[in-house]
Amino acid sequence: MTIKQNRDGSKLTLALEGRLDTTTAPQLEEALKTSLAEISDLVLDFEKLEYISSAGLRVVLAAQKQMQQQGSMVVCHVNEMVMEVFDLTGFADILTIK
């Protein structure tokens, strides 16, 4: 998985490409840990994300919880397969998805 970061003031966009699973979830977790200081708007761009596992969901949920304290988080460009996972797990109800 590759993660492209774009910071614009207090807004951070992370564009994920590939698979967010047990192997790659720590990579996203580390990127979030080192990047979220002084961020009030987080955008997770899933346009090129092919798959998300429970490990990936855990990292997304942790980011959501942290951003509730700091500002807001939006997940955008979610494909059908990832959206189905969000629907089945209830994440569609707790995330802001555009």
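Note that the coordinates shown come from a computational prediction; the quantities given were computed from them, not determined experimentally. (Residues numbered from 1 in each chain as written. Predicted model: local features only at pLDDT ≥ 70, side-chain atom pairs only at ≥ 80, totals over all residues. Heavy atoms only, no water.)

S.K.: So what exactly am I meant to see when it comes to the environment of glutamine 27 here?
M.R.: In this structure, glutamine 27 sits in helix α1 (residues 25-35). Along the sequence, glutamine 27 and methionine 1 sit 26 residues apart, while their C-alpha atoms lie 8.4 Å from each other. Residues contacting glutamine 27, with those up to four places away along its chain left out, are Met1, Thr2 and Ile3. (Helix = DSSP H or I, 4+ residues; strand = E, 2+ residues; numbered from the N terminus. Contact = heavy atoms within 4.5 Å.)

S.K.: What am I meant to see in helix α2 (residues 54-70) here?
M.R.: Quick reminder: α-helices carry 3.6 residues per turn. Residues three or four places apart thus point the same way. The end-to-end C-alpha separation of α2 is 24 Å, in line with the 24 Å expected for 17 residues at 1.5 Å each. Taken as a whole, α2 has its buried residues at Ala55, Gly56, Leu57, Val59, Val60, Ala63, Gln64 and Met67. The inward-facing, buried residues of α2 contact β2 (11-20), α1, β3 (41-52), β4 (72-76), α3 (80-89) and α4 (91-94). (Expected span 1.5 Å × (residues − 1). Buried < 20%, exposed > 50% of the residue type's maximum accessible area, 1.4 Å probe, protein only.)

S.K.: Looking at this structure, I do not really get the nonpolar core. What am I missing?
M.R.: Across soluble globular proteins, nonpolar side chains show a tendency to be buried alongside one another. Leu42, Phe46, Ile52, Met73 and Phe86 are the most contacted members of the largest nonpolar core, which has 27 residues in total. Looking at this core, the element that brings in the most residues is α2, giving 6 residues. Setting aside chain neighbours within four positions, we find isoleucine 52 in contact with Leu20, Phe46, Leu57, Val60, Val82, Val85 and Phe86. (Core = buried A, V, L, I, M, F, W, Y, C linked by side-chain atoms within 4.5 Å.)

Function cannot be read off these values alone, since they describe shape.
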